[in-house]
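Architecture at a glance
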Amino acid sequence: MNRREFLKHSSRITLGLSAAPLIPRLISAPLLAQASGSNSGYRAIVCVYLDGGNDGNNTVIPADSFYSQYAAGRGELAIDRTSLVGLQATSGGRLFGLHPSLKNVASLYNQGHATWLCNAGPLTTPYKKGQTTGKVPLNLFSHSAQAAEWQSALTQADSTNGWAGRLADLLAKQNLSSSPVVVSTSGWQLLGSGTTTDLATIGAGKNAVAVLNALQSLTPSLNQMDSTPGSNALSNTISEMQSGHLSTTKLLLDAASTGSSIQTKFPSTDIGQQLRVIAQMINGRSRFDVNRQIFLSSVSGYDTHTLQLSLQASNLADLDAAVGAFAAAMQEINMFDQVTLFTMTDFARAHQVNSGGGTDHAWGNHHLIVGGAVKGGDMYGTFPSLVLGGDDDFATTGLWIPTTSGTQYAATLAQWLGVQGKDLNNVFPELSNFSKSTLGFLG
Amino acid sequence: MAERQQIHIFRRHMGDVILHLAIGVSIVLYGCGASKSGTSAVSSTSNSGSGSSGVPLLTLSGTQLAFPDTSVGATSVAQNITLSNTGTAAANVQSINISGSFRSDTSLCLGTLAANAKCTMAVLFTPNQSGTLTGSISFTTSTGSLTATASGKGIALTLSAAAITVREGESTQLTAQLNGAATAQAVNWHTDSGSVTPDGVYTASSNVPASTTAHITASLAATPSVTATLNLPVGRALPTLTSSMPTQIDAGATTTLTITGAHLSNLSQLTINGLPQTFTIVSDTQISVQAAMQAWDSGTMAIKGSMSGSDGGSTGALQLSVKALPVSYDAAARFLQQAAYGATPAAVQQVQQMGMSGWIDQQLRNPAYDYSSGMGLSYGQYYRNTQSLQYSLRQRVSSALSQIYVAGGSIACGPTDCGPFWEALLENDAFGNARTLLKDVALSPIMGAFLDNVNNAAYTGKVPNQNFAREFMQLMTIGTVQLNQDGSPILDANGQLVPTYTQSNIVDMANALSGWKYARTGELYPQAQVPMVMAESWHNQSAKNILPGVTLPAGQKGEVDLDSVVDTLFNHPNYGPFLSRRLIQHLVTSNPSPAYIARIAAVFADDGNGTRGNLGAVVKAILLDKEARKGDNAAQADPATGHFMEPALYLANVMNAVQGIYTDDQVRDLDVIIGQPLYSPPSVFSYYSPDHMLSNGTYAPEAQLFTSSNGVAKLGLIYSIFTNKQPGFQVNWKTSPFSNATSTDDFLARVNHLLYHGQMPDSVRTTLTNYIAANPTASINSMLPDLIFMAVSSAAYQTIQ
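Please read these numbers as outputs of a predicted model, since none were measured by experiment.

Remarks on the overall build of chain B
A count of helices and strands for chain B gives 22 helices and 39 strands. Here the C-alpha radius of gyration of chain B, 50 Å, is well above what a compact globule of 801 residues would show, namely 28 Å. Reported as C-alpha extents along the three principal axes, the dimensions of chain B are approximately 170 × 80 × 55 Å. A separation threshold of at least 6 residues defines the contact pool for chain B, and within that pool the share at least 24 residues apart is 63%. Looking at chain B as shown, the accessible area adds up to about 32900 Å², and 52% of this sits on carbon and sulfur atoms.

Right, dumping it as structure tokens:
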């Protein structure tokens, strides 16, 4: 196994090639060992990124007296109150329902295994409408900028790394692991790119095993070719990246095929299959010599500028089925308490419908967290008042100003993985701008 | 081995010696006293014999044998010595010892010598060194010892030549020395090849058809028995080269050279720049050479001849020069990675002959491919066109534009893929004016469908769909922050970035762009090539503040608003540096210097004829800029320049490199697995971000796709194609530019110049060399799929630099 794939610009270390990890599990690292409540068990977080910006306004919907406020602003997009999937009352006494497609999620919520973090979004500092002090994040309402701000947890500058990548950096500093901390089923994601580490990716391609076999005899020559730096800086970086591709792929494929096969059926959708592969890797975690991992999945189609009702119903149905299967699979392999799934998305969508039966880019949004460790059955954050042009609206079309920052959300997940104190503030430099570092939805 | 053993050995003149052997064995050597050594002169004493009736009496014929002077190592004539028994009884000769440089057959005198009998031995003298040598012949007999002395003089005659070897017709001085010193004595010479003068000058034959050896003998005239011999190798004459006609030849061609010189019939090999050439011997003074130059040969080359064999050797070198072309092979090959789909022998030749500027001008004139019907509608046509020199640059530019003006073709037209039509729009506009491009993009029903600006009915009371309005600005023209002309962001007094627009500008921009619909009504999907038309009743009629400081008056018709929007964005100071940077990134380098961007932005602002937005001029300036051309000279290559090939570009380059064939459209299903499905980017943000950075803070947009899974898929696809196991692709290795290499060096030269424009890294050279060496029984031809696969898999090949 070759470590270079995950270590950027490191000196070239080659560990022995082996399918099985040669190194015993070293993650008795002080950071994670001391910080986490149970210090030696495996833990993973699984991000489901809803690419394009899910319309949160039609995902979590007031089912109490505030429904009329919701419906008034939503116009033709309002979902009938009777078709909502009911959630148990919050500790604050509010009643909400979920989009009719989210039946599995509602069930997990009502069992206490899921929660929603309300109205979170990129924030540099706490912000109230009309406020002239402090800063708002750069390029609000832009897909690329908001996605990057979610994934980097940095809102005032372009970042070359994401918060999951920075967590992996922390691990790499303390642990000579040869396994990737961050594994993506959806290609490169800023979220998983670190300063000194990089993410690994696994494709859905069934070809990978055949490719590895076909190239087996040429692999030493390919490695030799990538072993000596040349004169071009970019080519040298590409060489470092490429040198780990074959061995990384082999490790991930090995992990995904290790252990008894999971009986839970996953949907054949894109997100269903991504979560299936992640579940399999978690099941095969004995192949990895790390015991903290971050898995990244992503599903597109959420940028519903038109025809939102039908598109979102379909998107959320796919999501619900995949998340339901994933939760069931984790329960099946007794990993439910050690794996937490969460969603992120570019931004919310305007509460007011546009001319195409869709919605445009907004800001604060509701995010789903699922797992045995979730203190679920209740909501976190502050649900906005759905008044167009009201105090919670950045403009006039229902662009809710977040009341919780993406940084706090991410820090809560990181803390559950074992990061605390100064390390937490190092990974999340903007965290100290908020009075509460973490949000308490994980126990 | 605990037991001690004793070994008894008898030796003369030695006291007892105990050797302690490591194994604990002691060897005790016992001497047995002194003997009488035979140093006496003739003894004629007699002892009592064994017989009872008579007495034997032994005498020698002489007591001194004198030998003539004899050459060291030679043997003299014999001197006889006779032992006589003049007594009355038989004697017994028990042993005969001869010492020194003397010898004889002693058997004639050993044993019983009867009374009145005698025996004669012939003694020979063979001096082992020069000088007076003495010895003795001692007889041990029943009557006592008899000894005669022998003496003679060893004479050493030695022979040497000034030259170790000589060639046909050449002479060398021979020297004979007597006893290691010069001698005044006369010497007689003899040789079986060539001739020797009385004073010892050897001259080889004037016609030596094959190397031979002259056996030379010298003997002292006074003492003919004193001789010496010398074996002198005599070689053929070495050929020499005097001149070549012509002295200047073309690269990439075979030219007949007439070379004059001497002894050319002895020539066995002729090389130009180290590579063997075919030649014909016309005469001993003239040969004719088929000088085969590789296309990349340049500069001055050395012609050298050689004669093989033990007498072989090399000639001096003649200089031959290769005619210089306007563009060197390597510079052309590098240029073609930037401006086309890599180097092919034909493409390089074209650039070399036309020059880069002329080649670009030709590309700007070539009409675009017609994608509107027939094969154009098939997905494979895009890739097939990458193999045509006619469309190369236009297609490279349209591919770059397709990642700025993104419209996923498969979304817009429903079951029919609009991709080829979008390709056609961009190719048609690639070298035209950017304003035309912007308006065509805005009005295309493909874009209308992709970013939802079709049927955007934003009249009073309706909130417009902002999708196209936002991305038209953010991703296609001006970006989110104000830029200097060198592409760097403008900072305000507080050091803060300055946004180009606000959220309310976006809404008004969307209003200004509202009201468009498909030209054909009543059908779900558009005619892809027919621009959208205005439905005034859907167009928002209010005044629109589309950018800070730019307000369109109320009541303008939709088409007028569109022209105003296009003019505003086209003339925005950001557009030049914005577009310039992206095009440079796609064609030349991910990290252009600010000065490079500024130079191109200046051409965008004014093409030299007062025209803004001349894309053809912009493209030409990008490719001919000094920053783009610097690396043509390897010594000046900037280590921070270049860009990583995106998967589609890489696939096209690799297929061109091996002159592979797209046999059908299955390439369409395969670009998905390597991360770049043609015409179907994952979103308006295309396949990767122009701002994707490495952790060292440098941009490497295409590297965003270079994940472990994509990397492996890409390796797998290329290997599958190269081993002809990939349906839809065919590689004929027998006709590839790499086949039938005459040597490993020849093969490596082809890889170096065709794939690496002369800048192949050592690690690649070593890997390929080792691979060939590790498979000694396999021909290079048979290993081409593996070898070229490795050559195109290196990071250096995948990085256009």
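Here the narrative resumes.
Here's the deal with the overall build of chain A
Of the regular secondary structure elements, chain A holds 13 helices and twelve strands. In chain A, which comprises 443 residues, the proportion classed as buried is 62%. Looking at chain A alone, contacts between residues at least 24 apart form 75% of all its contacts between residues at least 6 apart. Summed over its atoms, the accessible surface of chain A is roughly 14900 Å², and 53% of this surface lies on carbon and sulfur atoms.

As for the state of the cysteines
Residue and element names in this part refer to chain B. A full pass over the atoms with the stated rule returns one disulfide over all chains. Note on cysteine connectivity: Cys 109 is disulfide-linked to Cys 119, with sulfurs 2.1 Å apart. Its torsion about the S-S bond being 120°, the disulfide of Cys 109 and Cys 119 is classed as right-handed. With Cys 109 in the loop between strand S9 (102-104) and strand S10 (111-113) and Cys 119 in strand S11 (residues 118-125), this pair connects stretches of sequence that are ten residues apart.

Some words on the confidence of the model for chain B
For chain B, per-residue confidence averages 89 on the pLDDT scale, and residues scoring 70 or more make up 93% of the total. Confidence over residues 1-51 of chain B falls short of pLDDT 50; this stretch has 51 contacts with residues more than four positions distant or in other chains.

What about empty space enclosed by the protein?
Residues and elements named next belong to chain B. Applying the stated criterion across every chain, the model contains 13 cavities of 30 Å³ or more. Lining the largest cavity are 23 residues; nearest its centre among them are Tyr 382, Ser 399, Ser 402, Gln 403 and Gln 676. Looking at the lining of the largest cavity, the elements that each hand over two or more residues are helix H3 (380-385), helix H4 (392-402), helix H6 (419-429) and helix H16 (647-657). Here the lining of the largest cavity gets four residues from one element, more than from any other, and that element is H4.

Looking at the nonpolar core
Residues A:Trp163, A:Ile282, A:Phe326, B:Tyr405, B:Phe722 and B:Phe747 are the most contacted members of the largest nonpolar core, which totals 267 residues. Residues contacting B:Phe747, with those up to four places away along its chain left out, are B:Phe738, B:Ala741, B:Leu768, B:Ile772, B:Ile780, B:Leu784, B:Leu787 and B:Ile788.

Thoughts on the sheet that holds strand S30 (residues 299-307) of chain B
Residue and element names in this part refer to chain B. In space, the five strands of this open sheet follow the order S24-S31-S30-S26-S27, with mixed pairing throughout. Of all strands in the sheet, those bounded by a partner on one side alone are strand S24 (248-249) and strand S27 (275-276). Across two bridges, strand S26 (residues 269-272) lies against S27 in antiparallel orientation. Bridge pairing links Thr 271 to Pro 276 in S27.

So, the interface of chain B and chain A
Reports of interface size often rely on the accessible area that becomes lost once the parts have come together. Contacts between chain B and chain A engage 58 residues on the former and 58 residues on the latter. A combined buried area of about 4700 Å² lies between chain B and chain A, and 62% of that area is made up of carbon and sulfur atoms. The interface formed by chain B and chain A contains zero salt bridges. Applying the counting criterion to the chain B and chain A interface returns 21 residue pairs in polar contact (both at pLDDT 80 or more). Mapped onto the side of chain B that touches chain A, the elements with two or more residues apiece are helix H9 (467-474), strand S36 (643-644), helix H18 (708-722), helix H20 (762-774), helix H21 (780-793) and helix H22 (795-798) of chain B. A total of eight residues in the side of chain B that touches chain A trace back to one element, the largest contributor, which is H18(B). The residue makeup of the side of chain B that touches chain A, split by class, is 22 nonpolar, 30 polar and six charged.

Things to note about the pattern of salt bridges
Residue and element names in this part refer to chain B. Inspection of every chain in the model, using the stated rule, returns 18 salt bridges over all chains. Two residues, Arg 599 and Asp 625, come together in a salt bridge whose shortest N-O distance is 2.6 Å. Separated by 26 residues along the polypeptide, Arg 599 in helix H13 (residues 594-605) and Asp 625 in the loop between helix H14 (615-624) and helix H15 (626-629) bring together distant segments of the chain. A residue is classified by how much of its surface remains accessible, and Arg 599, at 28% relative accessible area, is partly exposed. Among the residues examined, Asp 625 registers a relative accessible area of 7% and is labelled buried. Residues participating in the shared-partner salt-bridge network are Arg 435, Lys 439, Asp 563 and Asp 567.

Examining the sheet that holds strand S4 (residues 96-98) of chain A
Residues and elements named next belong to chain A. Pairing is antiparallel in the open sheet, where three strands are placed in the order S2-S4-S3. Each end of this open sheet is capped by a strand with a single partner; those strands are strand S2 (60-62) and strand S3 (85-86). By the bridge criterion, two bridges tie S3 to S4 in an arrangement that is antiparallel. Directly across from Gly 86, in S4, lies its bridge partner Gly 97.

What counts, and at which threshold
- Residues numbered from 1 in each chain as written.
- Chains lettered and ligands numbered in written order.
- Predicted model: local features only at pLDDT ≥ 70, side-chain atom pairs only at ≥ 80, totals over all residues.
- Heavy atoms only, no water.
- Helix = DSSP H or I, 4+ residues; strand = E, 2+ residues; numbered from the N terminus.
- Rg over C-alpha atoms; globule rule 2.2 N^0.38 Å.
- Contact = heavy atoms within 4.5 Å.
- Areas by Shrake-Rupley, 256 points an atom, 1.4 Å probe, with all protein chains shown as cover.
- Buried < 20%, exposed > 50% of the residue type's maximum accessible area, 1.4 Å probe, protein only.
- Disulfide = S-S within 2.5 Å.
- pLDDT = per-residue confidence, 0-100.
- 1 Å grid on protein atoms, 1.4 Å probe; cavity = no way out; pocket = protein on both sides within 12 Å on 5 of 7 lines; lining within 4 Å.
- Points joined across faces, edges and corners; volume = space filled by probe spheres on them.
- Core = buried A, V, L, I, M, F, W, Y, C linked by side-chain atoms within 4.5 Å.
- Pairing = 2+ DSSP bridges.
- Buried area = accessible area lost by both parts, 1.4 Å probe.
- Salt bridge = Lys/Arg side-chain N within 4 Å of Asp/Glu carboxyl O.
- Polar contact = N/O pair within 3.5 Å; in protein donor to acceptor, adjacent residues only side chain to side chain.
- Nonpolar A, V, L, I, M, F, W, Y, C, P; charged D, E, K, R; others polar.

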